[in-house]
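A closer look at the structure
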Amino acid sequence: MNPVIVIGAGPQGLAAAAHLLERGLEPLVLESGDTPASAVTEWGHVRLFSPWSELTDPAARRLLEPSGWSTPDKDYPTGAQWVEGYLAPLAEALGDRVRYGSRVVGVGRKGRDLSVDAGRAEQPFVVHVRRADGSQERFEARAVIDASGTWRAPSPAGADGLPALGEVDAVEAGLLGHRTPSREEAAALAGKHVVVVGSGHSAATAIGDLAAVVRREPGTRVTWALRRGSVGNAFGGGAADELPERGALGQRARKAVEDGLVDLVTGFRTEEVRIEDGRAVLVAEDGRRLAPADRVVVATGFRPDLSFLSEVRLDLDVRLQAPAKLAAEVDPNVHSCGSVRATGAADLAHPEPGFYIVGAKSYGRAPTFLAMTGYEQVRSVVAELAGDHEAASRVELELPDTGVCGGSGLFDAPEEASSGGCCAPAPQLIQLGTRTAG
């Protein structure tokens, strides 16, 4: 019988393989990188705000424990520690069921293009792969679980969703990047001007590390550019966040602003990135310019790569590019409070029977995905593929509240922050960063 193909050997992909084995289904995990969790390795310097207890999957633990493995003791690992202490051993336990250097370039139905109805569901999936050496291969599968994530599809600095004019040139010049700098990289920026664009957890992480550099080297300058007209929920939920380290992340960023270590600029929607005298100058749609920067860190989120799914019948939300049934739960335009219910196979199903998108990619362009969300997803999806519909429909996870009321807020309001919802008072607006040129 054909295997269930899992795209991506990250946390959810490897967990899916463990669940499949436990259910008596044969997995084949296709990973584009040369190592397990290669995307996590790229941000290995970042400390997670989830503790170890929430970063390991139950089926994966059951697979690993007979070998003497046990959950590591450290409460909040870095990405590198997550790989070393859990993901790499899990991939090793799966053996040759994980194939590296195998980039999926297409998924479809055998002998049926997207437009063909007749006999479609009875045909196996075909998964086209390009190897690291340029060779190609085609696999047949009884089902496909796409756990490829979003890490390699970062959103641009451009406020219209497209790269700003000159953004690609700035990347090529080494002036702009879409990766949160490590503490060592941040330290190397001492005495320079750094601009951070974005308002999520990655931006807050960068702000916290750069603020520490400013404390040590007062000649360093940091500008934090937000697209919204108000601070909104950029500082997170603080003490109300049920993940304490996530709440602390935003509070460190808040303190950096309050202490004058960071200039905060709101309503700044980047239209152009100019290179002037070897530095990057961000220009907003309203004509404002930020001071020339030695480095621009773009932390505006990620988006799903759907390019290899053009022959799969998908039901995606038009705004978030997430499965339509899931989108209403995670849509930052309308979702008012930080709590999100766990989702399973029924929420992740598409018109293409046997195809599921799980993990961070299932959230499309929405933020705040948690590892344990993905573990619950793959548990439910694999149960459905195994014919255990009762287990698939059962919810075995309650997600922690962020303590943030998001909603759409007042996107354009320069002086007012709206919670758009119910669960906490709106964060205090701190309007700083008047030095926009120089």
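Our subject is the structure that appears above.
It should be emphasised that the depicted structure is a prediction, and the values quoted were computed from it without experimental measurement.

Next up on the list: the packing of aromatic side chains. Throughout the structure, instances matching the rule amount to four aromatic pairs. Their ring planes at 50° and their centres at 6.4 Å tell us that Trp-43 and Trp-82 sit as a pair that is tilted. Here Trp-43 is found in the loop between α2 (38-42) and α3 (58-64), whereas its partner Trp-82 is found in helix α4 (residues 79-94), with 39 residues between them in sequence. Trp-82 carries the same exposure label as Trp-43, and that label is buried. Between the NZ or CZ atom of Arg-109 and the centre of the ring of Phe-125, over which it lies, the distance is 3.9 Å.

A word on the sheet that holds strand β7 (residues 143-146). Taken in spatial order, the five strands of this open sheet run β3-β2-β1-β7-β15, and their pairing is parallel. With one partner strand each, in any of the chains shown, β3 (98-99) and β15 (355-357) form the two edges of the open sheet. Packed onto the sheet, helix α11 (residues 371-385) meets β1 (4-7), β7 and β15 and runs at close to 175° relative to β7.

Attention now goes to the nonpolar core. The nonpolar side chains of soluble globular proteins are, as a tendency, buried together. Trp-82, Tyr-86 and Ile-145 are the most contacted members of the largest nonpolar core, which has 50 residues in total. Leave out the neighbours within four places in its chain, and Tyr-86 touches Trp-52, Leu-55, Thr-56, Asp-57, Ala-60, Leu-64, Trp-69, Gln-81 and Tyr-375. Core analysis: the next-biggest nonpolar cluster, separate from the first, contains 30 residues, Val-196, Ala-206, Leu-261 and Ala-299 among them.

A separate point is unusual backbone geometry. Positioned with a positive phi, Ala-37 is a non-glycine residue whose angle comes to about 50°. Position of Ala-37 relative to the elements: it lies in the loop between β2 (27-30) and α2. Using a relative accessible area of 3% as the deciding quantity, one classes Ala-37 as buried. One non-glycine residue, Asp-277, lies in the positive phi region at around 55°. Among the structural elements, Asp-277 can be located in the loop between β12 (270-276) and β13 (279-284).

Below, the discussion takes up the packing of helix α1 (residues 11-22) against α4. Their axes nearest at 10 Å, the elements α1 and α4 cross at an angle of 40°. Classed by the angle they form, the pair α1 and α4 counts as oblique. Our pair here, α1 against α4, has a crossing hand that is left-handed. Every residue of α4 that contacts α1 at Pro-11, Leu-14, Ala-15, Ala-17, Ala-18 and Leu-21 is listed here: Trp-82, Leu-87, Leu-90, Ala-91 and Leu-94. The residue inventory of the contact of α1 with α4, partitioned by class, reads 11 nonpolar, no polar and no charged.

Glancing now at the environment of Gly-134. As for its placement among the helices and strands, Gly-134 is situated in the loop between β5 (125-131) and β6 (136-141). For the pair Gly-134 and Ser-102, spaced 32 residues apart in sequence, the C-alpha separation works out to 9.9 Å.

A few words on the pattern of salt bridges. Enumeration according to the criterion identifies 25 salt bridges in this entry. Of the charged contacts, one joins Glu-137 and Arg-131 as a salt bridge, the two residues approaching to 2.3 Å between their closest N and O atoms. On the basis of relative accessible area, Glu-137 is assigned to the partly exposed category, the value being 32%. Looking at Arg-131, the relative accessible area reads 19%, which means it is buried. Ionic contacts of the salt-bridge type, sharing partners, join the residues Glu-376, Arg-379, Glu-390, Arg-394 and Glu-396 into one network.

Spatially, β8-β14-β9-β10-β11 is the arrangement adopted by the five strands of the open sheet, whose pairing is parallel. Both outer strands of the open sheet, β8 (176-177) and β11 (263-265), are each paired with one neighbouring strand and no more.

About the thresholds
- Residues numbered from 1 in each chain as written.
- Predicted model: local features only at pLDDT ≥ 70, side-chain atom pairs only at ≥ 80, totals over all residues.
- Heavy atoms only, no water.
- Phe/Tyr/Trp six-rings, centres within 6.5 Å; stacked < 30°, edge-to-face > 60°.
- Helix = DSSP H or I, 4+ residues; strand = E, 2+ residues; numbered from the N terminus.
- Buried < 20%, exposed > 50% of the residue type's maximum accessible area, 1.4 Å probe, protein only.
- Lys NZ or Arg CZ within 6 Å of the ring centre and 35° of its normal.
- Pairing = 2+ DSSP bridges.
- Contact = heavy atoms within 4.5 Å.
- Axes fitted to C-alpha atoms, helices over the stretch in contact; angles between N-to-C directions.
- Core = buried A, V, L, I, M, F, W, Y, C linked by side-chain atoms within 4.5 Å.
- Parallel < 35°, antiparallel > 145°, perpendicular 65-115°, else oblique.
- Left-handed = near helix turned anticlockwise from the far one by under 90°.
- Nonpolar A, V, L, I, M, F, W, Y, C, P; charged D, E, K, R; others polar.
- Salt bridge = Lys/Arg side-chain N within 4 Å of Asp/Glu carboxyl O.

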